[in-house]
Amino acid sequence: MKSSEKSRTLNQEINLIIRGLKLFSTFTPHFISYSIGYSFFESLSWFLNIFLAAELVDEVTGERSLQRLIILLCLLAFSQVVLMVLCKFCYNKARVGDLISKQWTEVYLNNKSFSMDYKNMEDPKIRLERQSITKNADVGGLNILVNTFIELFYDIFQIIGGLILLSDFLVKRSPKILTGISAFADSSLCAVCFFILMVAAAVGSYFISEKYGKKIYTVQRRIPVVERMMRYYTDDYLDDSKSCKDVHIFNQKNLILKSFENAFVNWRELNKQTAEIGLKKGATNRIITGSLVTIIYLFVAFKAYVGAFGLGGFIKYVEPLERLMYCVTHFAESTASLKSNNLYLEKVFEYIDIPTDMHYGTIPTEKRMDNKYDIEFHNVSFRYPGTDKYAIKNLNLKFKVGDRIAVVGMNGSGKTTMIKLLCRLYDPTEGYITLNGIDIQKYDYEDYLKLFSVVFQDFKLFSFSVGENVAASIDYDEEKVWSSLEKAGMLERVKAMPKGLKTPVYKDFEEDGVEISGGEAQKLAIARALYKDAAFVILDEPTASLDPIAEHEIYSRFNDMVKDKTAVYISHRLSSCRFCDRILVFNNGQLIQDGSHENLLENSDGKYSELWNAQAQYYAETKV
Ligand code: ADP
C-alpha cells in the first residue's frame, strides 16, 4: 500500500470527498438528504422562533395591536408545529440510516476482503490495514465524512438565517449624538470590523483544526497496532483453551501479563496523547469563540444601551450574532476536519482499490462423470511475494486421473506451496499449469476451485453447526452430510450430539455447542472434504500431530473412501504414504525423485532411501 501522508491538491481532496459520499449513498441512499432536510427545518424553526419572538416583544412593548399580536402568535404556533413534525420525520429517517451505515461499511469492506486475491488476504500488512479501518471508524473514515458533511449544511443554513436576521444590524444607529469611542462603536464601520474579526477567527480555527487533526491522525494510526497486541494477550491467548497447558507448565503467567502491561502502557500513552491534542485543539478554538461571544454581548448591549434598538432588537441580534459566530468558526473547523478525514478516507480507498492481479478466466471447467482431469506443471517456479527465495523451482509434473500420489520431503521443501499453486491460491512466478491441456488461468476461477478438496494441516472449523461446517454452506443435503460423517468415522459421535447436525461446533455463540477434540476436528474436516465430492482430494498433513501409525491408518482409510478420484497425500513421514502408487520427493523446492516406493528404495543413494532409512531406524528404536 502506498503512503497517504503526501500532500494532495484541492481537486484531489474534493474528488476523495465526492467518492466517499457516492459510496456511502449506495449503502443508505436517502440518509444524506434526510439529514440535510433535518438541518434545514431545524434552522428554519430557529430562524422563525427568533424572528417572531422579536416581533412579539416589539409589539408588546410598542404599538400593542391585538390583531397583529394574534397573527404573530398563530404564525409562531403554526410554524413550530409543522416544522417540528418535519424535523422529527427527517430525524427518524436519518437516524436509522446512521445506525446501519457503519454496519454497511463493514459489510462492504468484508466483501472486498473475501474477494481479494489469496496472497493479499494472507498479507499481514493488509490484514492490519483492514482492522485499522474498522478501529479508526469513530475518528475518521466514511461515517465521519458524512457526518461532517451534514454539519457543514447545518452551519450554512444557520449562517444564512443569521445573516437575514442581522440584515439591518449594520444600519441600526443610536438617535443620540455620540462622540469618540462611543461614536465608533455605534458606526457601520465598527460592525464591518466586527464581521471581519469573525472571518479572521474562522480562518484561525481552520488552521488550528487542520494542524491538530493531522497530529491526531498520526497517533490514531498507531492505536490499532497496539490494540491488536492487547487482544492477542487476552482474547486470542487466554481464550484459546489449547494455550492453557503451556501457560501452566511453563509458568508463562508473568510473561503474558508483562507483555500485556507493556502494550497497555503504550496504548494508554497514545490515548493520552489523543486526549491532550484534542484538549489543545478544543481549548484554542473555545478561547477564540469565547472571546468573540464576550465582544458580541458588549457590542449589542452597548448598541441597545445607546438606543440603536429596543429589547426586541436585542433578542433579534444577540443570539443570531452568537450563532453566526459559532457557525462560521464551526464551518471552518468542519472544513478542516474534512481535510484531516481524507487521511483516513484515503486508507479506506487504498484498501478498496487493492488490485486483483490474478487472472480469473472465463472458460467453464468440463463437468466429467469419469473425473478425467489431467493436470500438468510446465517448468513452474514460484517465489512468495516480497521474497527472493524460490519456494518451487523448475517443477515439471503430470497428475493422471485416478492417481494416488504421495508428496514427501523435509519441512519447508515446497510440498504445500505446490498444492497452493495447484489450487490457484497463488499463480506461478514462472511457467504455467494446464488442466486437460488448457492453462488453468483461463478457467473460471470459482469453477476451477470446485475441482479441489483439501484438508490442510492448519485446517479451520468454524462456530457454525456440524451440518454447516461439513457442507460449508447454510443449505445442505442432510443425507450427504450423514454419509460423509460416516465415511470419516464421525457418525456415532454426531448422532449422540443433542441437536444432531444442528449442534453448534464450539461454544462461542451457543451454550449447547460442543467442544470437540483434535481428532474429532480432523474427522469433521475430512467429512467436509468428502462432502465437496471434488475430482481431486488432497490431504496436506492434517494428521501431523498424530503418531506415524495413526497417520498411516487415516491415510489408508481415506484412500478407500476417495475411490476413483485423484488423491494427493502430503507428509514428511514416508511410512504414511507407502501405499501410494507414485511418490514425489521434494527437496529445497525441487522435485528430485518420482516413482513407486520399491523403485525409489532401489536407488540407495537417493534422498528417498536416505529419508526412509533415517525414519525406519527411528521407528525401530522407539518401537512404534
Ligand atoms: P512444506 O510444505 O514442504 O513444509 P512449504 O511449501 O510450506 O513447505 O514452504 C516452502 C518454503 O516457502 C519454505 O521456505 C517456507 O518458509 C516458505 N513459505 C511458505 N509460506 C510462505 C509465505 N506465506 N510467505 C513466504 N514464504 C513462505
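For the structure, see preceding data.
Residues numbered from 1 in each chain as written. Predicted model: local features only at pLDDT ≥ 70, side-chain atom pairs only at ≥ 80, totals over all residues. Heavy atoms only, no water.

(A) Spatial organisation of the packing of aromatic side chains. Tallied over the entire structure, the rule returns 29 aromatic pairs. For the pair Tyr38 and Tyr91, a centre-to-centre distance of 5.6 Å together with 50° between the ring planes defines the contact as tilted. Of the two residues, Tyr38 is situated in helix α2 (residues 31-61) and Tyr91 in helix α3 (residues 66-115); the sequence distance between them amounts to 53 residues. Since its relative accessible area comes to 27%, Tyr38 is described here as partly exposed. (Phe/Tyr/Trp six-rings, centres within 6.5 Å; stacked < 30°, edge-to-face > 60°. Helix = DSSP H or I, 4+ residues; strand = E, 2+ residues; numbered from the N terminus. Buried < 20%, exposed > 50% of the residue type's maximum accessible area, 1.4 Å probe, protein only.)

(B) Representation of the packing of α2 against α3 in the model. Between α2 and α3, whose axes approach to 8 Å, the crossing angle comes to 160°. Between α2 and α3, the angle is such that the two are roughly antiparallel. Relative to α3, α2 is oriented so that their crossing is left-handed. By residue class, the composition of the contact of α2 with α3 is 22 nonpolar, seven polar and six charged. (Axes fitted to C-alpha atoms, helices over the stretch in contact; angles between N-to-C directions. Parallel < 35°, antiparallel > 145°, perpendicular 65-115°, else oblique. Left-handed = near helix turned anticlockwise from the far one by under 90°. Nonpolar A, V, L, I, M, F, W, Y, C, P; charged D, E, K, R; others polar.)

(C) Just the sheet that holds strand β2 (residues 390-399), in detail. Across the sheet, which stays open at both edges, the four strands sit in the order β2-β1-β4-β5 with antiparallel pairing between neighbours. With one partner strand each, in any of the chains shown, β2 and β5 (438-439) form the two edges of the open sheet. As paired elements, strand β1 (residues 375-383) and β2 share six bridges and run antiparallel to each other. Within β2, the position partnered with Val380 by the bridge is Leu395. Sheet strands in contact with helix α12 (residues 415-422) are β1, β2 and β4 (430-435), and its direction is about 60° off that of β2. (Pairing = 2+ DSSP bridges. Contact = heavy atoms within 4.5 Å.)

(D) Quick look at the site of the ligand. Taken together, the residues surrounding the ligand are Glu122, Tyr384, Lys389, Ala391, Met410, Asn411, Gly412, Ser413, Gly414, Lys415, Thr416 and Thr417. Lys415 is positioned with one of its side-chain polar atoms (N or O) 3.0 Å from an oxygen atom of the ligand. Protein burial of the ligand: of its 560 Å² of free accessible surface, 65% is covered by the chains. The leading source of residues in the shell around the ligand is α12, at three residues. The residue inventory of the shell around the ligand, partitioned by class, reads three nonpolar, six polar and three charged. (Near = heavy atom within 4 Å. Polar contact = N/O pair within 3.5 Å; in protein donor to acceptor, adjacent residues only side chain to side chain. Areas by Shrake-Rupley, 256 points an atom, 1.4 Å probe, with all protein chains shown as cover.)

(E) Representation of a nonpolar patch on the surface within the structure. A grouping of Val96, Leu99, Ile100, Trp104 and Val107 is seen on the molecular surface, where their side chains present a nonpolar patch of about 450 Å² in accessible area. Secondary-structure assignment places Ile100 in helix α3. (Patch = residues over 30% accessible without salt bridge, like charges linked within 9 Å, V, L, I, M, F, W, Y side chains within 5 Å. Salt bridge = Lys/Arg side-chain N within 4 Å of Asp/Glu carboxyl O.)

(F) View of the packing of helix α1 (residues 10-27) against helix α6 (residues 142-165). Running from N to C, α1 and α6 point in directions that differ by 100°, and their axes come no closer than 10 Å. Taken together, the axes of α1 and α6 are roughly perpendicular relative to one another. Across the interface between the two elements, Ile17, Gly20, Leu21, Leu23, Phe24 and Phe27 of α1 pack against Leu142, Asn143, Leu145, Val146 and Phe149 of α6. Here the residues of the contact of α1 with α6 are counted per class, giving nine nonpolar, two polar and no charged.

(G) A look at helix α11 (residues 311-352). For α11, built from 42 residues, the straight-helix expectation of 62 Å at 1.5 Å per residue is met to within 8% by its first-to-last C-alpha distance of 58 Å. Approximately 35° is the largest bend angle found in α11, and it occurs at Leu343. (Expected span 1.5 Å × (residues − 1). Bend = angle between axes of the 7 residues up to and from the residue.)

(H) Representation of the side chain of Glu333 within the structure. Mapped onto the secondary structure, Glu333 falls in helix α11. Residue class for Glu333 comes out buried when judged on its relative accessible area of 13%. Contacts of Glu333, omitting those with residues within four sequence positions, involve Ser205, Ser209, Asn285 and Arg286.

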